[in-house]
2 protein chains.
Amino acid sequence: MTQSEQFVGIGEHRRLVMSLAHEPAVVEMPLERCLGLVSAEPVAARLPVPPFTNSAMDGFAVRFQDVSTARPDAPVRLPVTGDIPAGSAAGDPVETGTARRIMTGARMPAGADSVVKVERTDHAPGVVDAPAEVRIFQAPELGANVRHRGEDLQIGDPVMEAGRLLDGACLAAAASVGYGSLAVHPAPRVGVISTGSELSDAGSDLAAGRIPDSNGILLAGLVSEAGAVVAQRARVPDDPARLREVVAGWDVDLVITAGGISAGAYEVVRQALPELTFHKVAQQPGGPQGAGIVGATPVVALPGNPVSVFVSFHVYARPLIAAMRGLAVPVESPTVRATAGAGWRSPAEKTQFMPIRWESGEGEGGRVVPAHRLGSKSHLVATLPLVEGLAVVPVGVEAVEAGDGLEVLMTRGEV
Amino acid sequence: MTQSEQFVGIGEHRRLVMSLAHEPAVVEMPLERCLGLVSAEPVAARLPVPPFTNSAMDGFAVRFQDVSTARPDAPVRLPVTGDIPAGSAAGDPVETGTARRIMTGARMPAGADSVVKVERTDHAPGVVDAPAEVRIFQAPELGANVRHRGEDLQIGDPVMEAGRLLDGACLAAAASVGYGSLAVHPAPRVGVISTGSELSDAGSDLAAGRIPDSNGILLAGLVSEAGAVVAQRARVPDDPARLREVVAGWDVDLVITAGGISAGAYEVVRQALPELTFHKVAQQPGGPQGAGIVGATPVVALPGNPVSVFVSFHVYARPLIAAMRGLAVPVESPTVRATAGAGWRSPAEKTQFMPIRWESGEGEGGRVVPAHRLGSKSHLVATLPLVEGLAVVPVGVEAVEAGDGLEVLMTRGEV
């Protein structure tokens with residue numbers, strides 16, 4: 001008589017969600033616009049690094065044989081045949097018995113094989129005019145302070161693999177080896193929808209039975225933090241025609257909804273988007289889940305309780321967004337190993353995602369405790385700022401004891 | 001005769017740089033615009049959570065005494081006096097001997113004290129119309145499936161401290177406790193300048209002695225990753241008047257320059273901005289450093305080699321930006337403890353910041369090796385994508401041996 005609940009496994013729903021990712025597009029973008037995107041092609045050096053042989057110091061370019069005897073009490077005096085600022089050509093070859101002033105990074109002139117740094121001479125550093133002659137107080141080693149063309153990289157040498165998340169360091173490296181633009185995957189454009197007739201604007205006066213919409217702002221934040229663009233946002237009451245109209249009117253790469261997919265009488269996402277697959281996943285919190293394609297647009301339908309949104313986003317939507325960005329995504333979410341600092345109960349027939357905070361040693365090997373005294377209850381949105389990860393308690397476990405080992409899915413600072 | 005080099009310590013230069021941070025401004029921003037900013041005031045609940053007593057399940061609101069005998073073989077039959085969708089008022093009190101259909105999150109009606117979930121009744125879940133009567137197959141516990149007003153938080157309870165970096169979870173929590181906007185510190189607006197007559201556009205054909213400008217893109221990326229806004233960018237040749245004009249013309253919170261501060265004859269930043277303090281810090285790479293105020297604008301002047309820019313940014317500019325964002329910044333950069341997986345040499349009179357990658361166990365307790373076979377040489381910009389941190393080798397150490405303990409400054413994924 002009591003209706004049975006049919007569950008699907010987390011792996012099955014994750015496969016369904018990940019199947020929605022199609023091959024990401026490839027576009028050529030100027031370096032200035034690549035920050036935070038993912039490279040679509042390997043980067044190999046188009047220039048040698050350094051691109052020409054240059055001085056590693058401010059000083060004087062010389063022939064070693066002319067200065068090899070220089071000592072503080074027996075300096076060598078050489079006429080200075082000019083000056084090579086950075087960014088200029090090096091001029092004529094340096095003749096035997098002469099020196100040329102040279103700045104850090106400036107092109108080494110032909111003839112010279114070594115650089116005497118300015119501090120080893122009688123020429124004051126920081127003076128603009130080059131002297132007519134220079135006294136050298138200490139012999140350099142042969143080849144000293146010279147950086148040779150290609151000593152770091154030759155043309156064609158690999159610099160970065162494809163699929164690399166491009167930070168400032170990556171973009172600087174690409175610039176230094178001759179790139180002004182890169183082939184990248186554009187950031188996925190995502191539309192987020194919070195559903196429910198009970199939702200009102202955050203901060204507004206609430207009519208009876210209404211609550212502030214926290215899911216819209218939560219989803220928008222999570223999508224941004226996951227490296228996608230929040231291209232559209234909507235809040236939709238329990239009106240299936242309105243929801244269908246919103247989804248149909250958007251030109252986005254992915255739609256993520258919150259709410260309207262469980263067993264109630266007013267399940268707006270279920271009713272509006274019947275082409276999705278809806279099922280109950282054997283997890284707590286966040287059992288009701290949906291996913292599929294509407295028109296040509298992937299849709300991930302998350303449950304409506306904010307902690308369930310948070311958990312489901314990290315378990316399903318974040319890896320989907322990562323794949324759509326062009327990142328390599330493992331079959332299961334990566335976790336770190338930790339120890340329980342306190343005990344709690346878990347439903348034996350479900351995987352529990354317990355919101356935790358680090359009690360000591362944040363990350364691998366650390367100790368975790370539930371973020372809130374009430375545990376994994378799915379409505380405790382106000383405690384989300386305390387959450388630093390999700391302890392994954394597998395099916396079959398009825399209680400976690402203090403001291404037990406745990407896998408923890410990180411929810412902060414991850415790509 | 002050889003000119004002596006006077007060094008200042010890392011701590012001294014860091015104090016100079018950190019002294020440039022003035023109290024960050026406070027502005028009220030709608031939640032939608034707060035992502036990634038730092039809260040300026042504590043957040044305390046303006047609403048109780050939940051804001052009203054509501055149902056945790058889809059089912060029927062009842063008086064416990066009416067259904068306490070219900071069993072599968074002896075169900076209790078009750079007339080249904082209406083329906084309470086989420087977001088609506090609850091209607092009249094529930095009379096003795098009646099039930100009212102109720103959805104998850106909907107307001108509990110007066111009179112009722114417990115909710116029977118729909119799966120424990122003869123009413124099919126997911127049907128829109130409420131039935132005229134319902135058979136209940138199993139007695140709930142008294143008070144079952146009811147979430148009480150304020151059971152999570154009472155008005156005035158603390159939710160978040162001031163100085164909190166606001167992610168989606170924080171903003172959702174703020175919304176749920178009654179906020180539509182927050183007092184935040186605006187992101188600092190930073191102008192970045194790469195200097196040197198040798199610099200050309202990335203990807204352009206290079207004239208003799210010219211190199212691509214990688215510092216501009218590096219600084220812009222690092223500033224963005226540090227949570228500031230790149231409000232202005234410029235590349236300036238070795239022309240002090242031009243540099244002064246650029247800095248004077250900008251309305252920004254901070255200027256960061258690269259290059260033009262060492263001992264050469266064409267040190268454009270030294271010449272253009274004489275009100276800054278310039279000195280040599282006892283560190284490798286990145287010895288030459290400058291900082292101060294020009295007009296009313298803080299300026300941090302970094303050396304010009306890209307790896308020196310990278311190192312100096314992380315040691316000095318990133319903490320300054322963090323302080324200007326309103327984050328609490330420790331006196332010294334936080335590090336994690338690691339083990340050297342290989343040996344290398346270090347200059348005994350300087351602190352060395354060796355760019356490393358993780359050989360195993362990224363983070364606390366992991367093993368690190370130099371990111372590049374040539375070590376900490378400051379011109380190896382093309383190897384920056386390999387760098388995952390900076391091993392801090394203190395003054396007095398001439399060589400790191402495999403197996404030695406090390407402190408590592410993290411350069412990725414940090415706030």
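Note that the structure is predicted; figures quoted are calculated from it, not measured.

Enquirer: Looking at this model, I keep getting lost on the overall build of chain A. Mind explaining?
Expert: For chain A, the count of helices and strands is seven helices and 29 strands. Its C-alpha atoms give chain A a radius of gyration of 32 Å, clearly above 22 Å, the size a compact globule of 415 residues would have. If you line up chain A on its principal axes, its C-alpha atoms span 105 × 50 × 40 Å. When the 415 residues of chain A are sorted by exposure, 54% land in the buried category. Across chain A, contacts joining residues at least 24 apart in sequence account for 72% of those joining residues at least 6 apart.

Enquirer: Is there a simple way to think about the domain arrangement of chain A in this case?
Expert: It is common to report an interface's size as the accessible area lost on association of the parts. Looking at chain A, the domain boundaries give domain 1 (7–24 + 187–325), domain 2 (27–48 + 163–185), domain 3 (54–147) and domain 4 (335–410). Computed from C-alpha coordinates alone, the two centres of domain 2 of chain A and domain 3 of chain A are separated by 37 Å.

Enquirer: Just checking my understanding: could you explain unusual backbone geometry for this structure?
Expert: For residues that are not glycine, phi is negative in most cases, and the peptide bond is trans in most cases. All names here are of chain A. Cis geometry marks the peptide bond from Gln 284 to Pro 285; its omega dihedral reads -5°. Position of Pro 285 relative to the elements: it lies in the loop between β20 (283–284) and β21 (288–294). Positive phi, close to 60°, is recorded for Asn 145, a residue that is not glycine. For Asn 145, a relative accessible area of 25% corresponds to the partly exposed category.

Enquirer: Can you walk me through the packing of aromatic side chains in this structure?
Expert: Working definition: an aromatic ring pair is given by the centre-to-centre distance plus the angle between the planes. Scanning all chains against the criterion turns up zero aromatic pairs over all chains. It is Arg 46 of chain A that lies over the ring of Tyr 179 of chain A; its NZ or CZ is 3.7 Å from the centre.

Enquirer: Looking at this structure, how should I read the sheet that holds strand β19 (residues 277–281) of chain B?
Expert: Two pairing modes exist for strands in a sheet, parallel and antiparallel, and in both the strands are linked by backbone hydrogen bonds. Residue and element names in this part refer to chain B. With respect to topology, seven strands assemble into an open sheet ordered β1-β19-β21-β22-β18-β14-β17, the strand pairing being mixed. Edge positions in the sheet fall to β1 (7–8) and β17 (229–236), since each has one partner strand and no second. Across four bridges, the pairing between strand β18 (residues 254–258) and strand β22 (residues 297–302) is parallel. Looking at β22, one finds that Val 255 is bridged to Val 299. Against the sheet, helix α7 (residues 306–325) engages β18, β19, β21 (288–294) and β22, with an angle of about 180° to β18.

Enquirer: Looking at this model, I keep getting lost on the packing of helix α4 (residues 215–225) of chain A against helix α3 (residues 168–176) of chain B. Mind explaining?
Expert: Angle between the axes and distance between the axes: these two values describe a pair of packed helices. At a minimum axis distance of 8 Å, the contact between α4 of chain A and α3 of chain B shows a crossing angle of 170°. Classified by the angle their axes make, α4 of chain A and α3 of chain B are roughly antiparallel. Residues Ile 217, Leu 218, Gly 221 and Glu 225 of chain A of α4 of chain A form the contact with α3 of chain B, whose own contacting residues are Gly 168, Ala 169, Leu 171, Ala 172 and Ala 175 of chain B. For the contact of α4 of chain A with α3 of chain B, a count of residues per class yields six nonpolar, two polar and one charged.

Enquirer: Any chance you could explain the interface of chain B and chain A here in plain terms?
Expert: Taken together, the 92 residues of chain B in the interface contact 91 residues of chain A. Viewed at the interface, chain A and chain B are joined by zero salt bridges. The interface formed by chain B and chain A contains eight residue pairs in polar contact (both at pLDDT 80 or more). When contributions to the side of chain B that touches chain A are tallied by element, the ones reaching two or more residues are β12 (158–160), α3, β16 (211–212) and α4 (215–225) of chain B. The element that contributes the greatest number of residues to the side of chain B that touches chain A is α3 of chain B, accounting for eight residues. Class assignment of the residues belonging to the side of chain B that touches chain A gives a composition of 45 nonpolar, 25 polar and 22 charged.

Enquirer: What am I meant to see in the side chain of Ser 333 of chain B here?
Expert: All names here are of chain B. The topology assignment puts Ser 333 in the loop between α7 and β23 (335–340). Looking at Ser 333, its side chain comes within polar contact range of the side chain of Arg 14, at 2.6 Å. The residues contacting Ser 333, other than those within four sequence positions of it, are Arg 14, His 314, Val 315 and Leu 409.

Enquirer: Could you clarify how one ought to interpret the environment of Glu 401 of chain A in this entry?
Expert: Residues and elements named next belong to chain A. Looking at where Glu 401 falls in the secondary structure, it is placed in the loop between β28 (399–400) and β29 (405–410). Residue Glu 401 is classed as partly exposed on the basis of its relative accessible area, which comes to 49%. Apart from residues no more than four positions distant in its own chain, Glu 401 is found in contact with Ala 340, Ala 342 and Gly 343.

Enquirer: In this structure, what is going on with the sheet that holds strand β10 (residues 133–136) of chain A? I would like to understand it.
Expert: Residues and elements named next belong to chain A. The five strands are arranged β9-β6-β8-β7-β10 in an open sheet whose pairing can be described as mixed. Each edge of the sheet is formed by a strand with only one pairing partner; in this case those strands are β9 (114–117) and β10. With strand direction ignored, the average angle separating the axes of adjacent strands in the sheet is 40°. Relative to β10, strand β7 (residues 76–84) runs antiparallel, the two sharing four bridges.

Enquirer: Before we go on, may I ask you to explain the pattern of salt bridges in this structure?
Expert: It is possible for side chains of opposite charge to pair when their charged atoms get near one another. Residues and elements named next belong to chain A. Here the structure, examined in full by the defined rule, presents 20 salt bridges over all chains. A salt bridge links Arg 101 to Asp 83; its shortest N-O distance comes to 2.9 Å. Taken as a pair, Arg 101 in strand β8 (residues 99–102) and Asp 83 in strand β7 lie far apart in primary sequence, 18 residues in all. Residue classification places Arg 101 among the buried positions, given a relative accessible area of 3%.

Enquirer: What exactly am I supposed to notice about α3 of chain B here?
Expert: Residue pairs spaced three or four apart in an α-helix point in one direction, given the helix's 3.6 residues per turn. Of all nine residues that make up α3 of chain B, nine are buried, and the element is covered over most of its length. For α3 of chain B, the set of buried residues is Gly 168, Ala 169, Cys 170, Leu 171, Ala 172, Ala 173, Ala 174, Ala 175 and Ser 176 of chain B. Buried-residue contacts for α3 of chain B involve β16 (211–212), α4 and α7 (306–325) of chain A together with β12 and β13 (181–185) of chain B. Positive phi shows up at Gly 178 of chain B, right after α3 of chain B, with a value of about 105°.

Enquirer: Teacher, can you tell me more about the relation of the copies chain B and chain A here?
Expert: Each copy of the chain is related to the other by a rotation around an axis and a translation along that axis. Between chain B and chain A, which share one sequence, the superposing operator has a rotation angle of 180° and an axial displacement of 0.0 Å; the RMSD is 0.1 Å. The superposition of one copy onto the other is thereby described by a two-fold rotation axis.

Definitions and cut-offs
- Residues numbered from 1 in each chain as written.
- Chains lettered and ligands numbered in written order.
- Predicted model: local features only at pLDDT ≥ 70, side-chain atom pairs only at ≥ 80, totals over all residues.
- Heavy atoms only, no water.
- Helix = DSSP H or I, 4+ residues; strand = E, 2+ residues; numbered from the N terminus.
- Rg over C-alpha atoms; globule rule 2.2 N^0.38 Å.
- Buried < 20%, exposed > 50% of the residue type's maximum accessible area, 1.4 Å probe, protein only.
- Contact = heavy atoms within 4.5 Å.
- Domains from an automatic or database assignment.
- Phe/Tyr/Trp six-rings, centres within 6.5 Å; stacked < 30°, edge-to-face > 60°.
- Lys NZ or Arg CZ within 6 Å of the ring centre and 35° of its normal.
- Pairing = 2+ DSSP bridges.
- Axes fitted to C-alpha atoms, helices over the stretch in contact; angles between N-to-C directions.
- Parallel < 35°, antiparallel > 145°, perpendicular 65-115°, else oblique.
- Nonpolar A, V, L, I, M, F, W, Y, C, P; charged D, E, K, R; others polar.
- Salt bridge = Lys/Arg side-chain N within 4 Å of Asp/Glu carboxyl O.
- Polar contact = N/O pair within 3.5 Å; in protein donor to acceptor, adjacent residues only side chain to side chain.
- Least-squares fit on C-alpha atoms with pLDDT ≥ 70 in both.

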